[in-house]
Every structure is written in C-alpha cells, then in structure tokens.
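Chain residues, written in single-letter form:
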Amino acid sequence: YVEARGQAHALPMFNLTTISASSSEQDCDVFGVNKAFGLLANLYGSNEALFFANTGTLGKKMTKHDDWNDETPIQLFAHNTMQHEFQRCDPYETNANTGVFGRILDKLKLQGYHTSANAGRGGSMGLTGDQQYNNPVNTISTKAPRPLNGD
C-alpha cells in the first residue's frame, strides 16, 4: 500500500479498516478504508456499498496490446479526462450532456420512482439526466454552515 501510494499520501496502517478482496478479481487480496469513514466499511460488509477500482472508459473493447491511441476517441491515462468520461460513460455521445447516474435516475423515474440527486463541489455532471425527465440535482455546499442571525 505504501509503495503504491507513496509515503506522503499513504495513511498509517493503524488508521485503516482492512477489507478482504480475496473473492474479487483485483490485484490485491486486501484493501483499506480510513477508520474515520467506518460507515463505508460497514456498508460494504453488508453488501450495501461497492468500490470501483482500476476503472476507465474505452470507446471499444481493447487489450493492452492494441493501438489505443488511434482506436479510441478518449484520451486514456489522464486522470482529468478519465474522471470526465467515467461520470458520463457515453464515449460516442449517444445521449449527449448526460451522466451515467443521471440516466439511471431517468430509468427509475420511468418506473414510477420519485428521483433527485445531491452533488457536492459542483460535481453534477455524472448526475445530469435527460432534460425531458426533469430530475432535480441539488448542489450542496461542502463548507461549514454559517450561524443564523450572526450568532
């Protein structure tokens, strides 16, 4: 873990709740969650949360031996473009200007569910659905709330 993250970015092991990944197809058998975020470890342990690891978006099925630079419209291996593409998951713009989770909300609304989403730090791209379904996306502040009446 320290080797992969580097000394400056690695949390001390005593600050991590370890989680077994031995039943997955990941490169490692164990990973860790910051103990300050123990709720996530508990949710994962009860099959109510999941982790995405080593993910990205490709324009077509490829292997590491293919010429990915010429065969995909997406700039691979750049953190910012992979974040953008992961939130959209629509490399050929089948439903332009929407995000993967917004399209999930659209499908839920079509099944009769009342839907909305909350975004922090203005990161609503992945939550934006098709305008015709009008799923509200609320942006919440990540700053501490201000006291009322100047108190």
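Residues numbered from 1 in each chain as written. Predicted model: local features only at pLDDT ≥ 70, side-chain atom pairs only at ≥ 80, totals over all residues. Heavy atoms only, no water.

(A) Representation of the overall build of the protein in the model. Along the protein, the regular secondary structure elements total five helices and four strands. Taking 2.2 N^0.38 as the reference for a compact globule, 151 residues should give roughly 15 Å; the C-alpha atoms of the protein span a radius of gyration of 19 Å, well beyond that estimate. Once the C-alpha set of the protein is aligned to its principal axes, its extents read approximately 60 × 45 × 30 Å. Each of the 151 residues in the protein was classed as buried or not, and the buried ones make up 22%. For the protein, contacts bridging at least 24 residues in sequence account for 31% of all contacts bridging at least 6. Of the roughly 11800 Å² of accessible surface on the protein, 51% is carried by carbon and sulfur atoms. (Helix = DSSP H or I, 4+ residues; strand = E, 2+ residues; numbered from the N terminus. Rg over C-alpha atoms; globule rule 2.2 N^0.38 Å. Buried < 20%, exposed > 50% of the residue type's maximum accessible area, 1.4 Å probe, protein only. Contact = heavy atoms within 4.5 Å. Areas by Shrake-Rupley, 256 points an atom, 1.4 Å probe, with all protein chains shown as cover.)

(B) Looking closely at unusual backbone geometry. Backbone geometry at asparagine 47 places phi at a positive 60°, although glycine is not the residue there. On the secondary structure map, asparagine 47 appears in the loop between helix H2 (38-45) and helix H3 (68-71). The backbone phi angle of asparagine 134 is positive, close to 50°, even though this residue is not glycine. One can find asparagine 134 in the loop between strand S3 (117-120) and strand S4 (137-140). Overall, the relative accessible area of 60% leaves asparagine 134 in the exposed class.

(C) Fine view of a nonpolar patch on the surface. Judged by side-chain polarity, Leu50, Phe52, Phe101, Ile104, Leu108 and Tyr113 come together as a nonpolar surface patch covering roughly 610 Å² of accessible area. Structurally, the position occupied by tyrosine 113 is in the loop between helix H5 (100-110) and S3. (Patch = residues over 30% accessible without salt bridge, like charges linked within 9 Å, V, L, I, M, F, W, Y side chains within 5 Å. Salt bridge = Lys/Arg side-chain N within 4 Å of Asp/Glu carboxyl O.)

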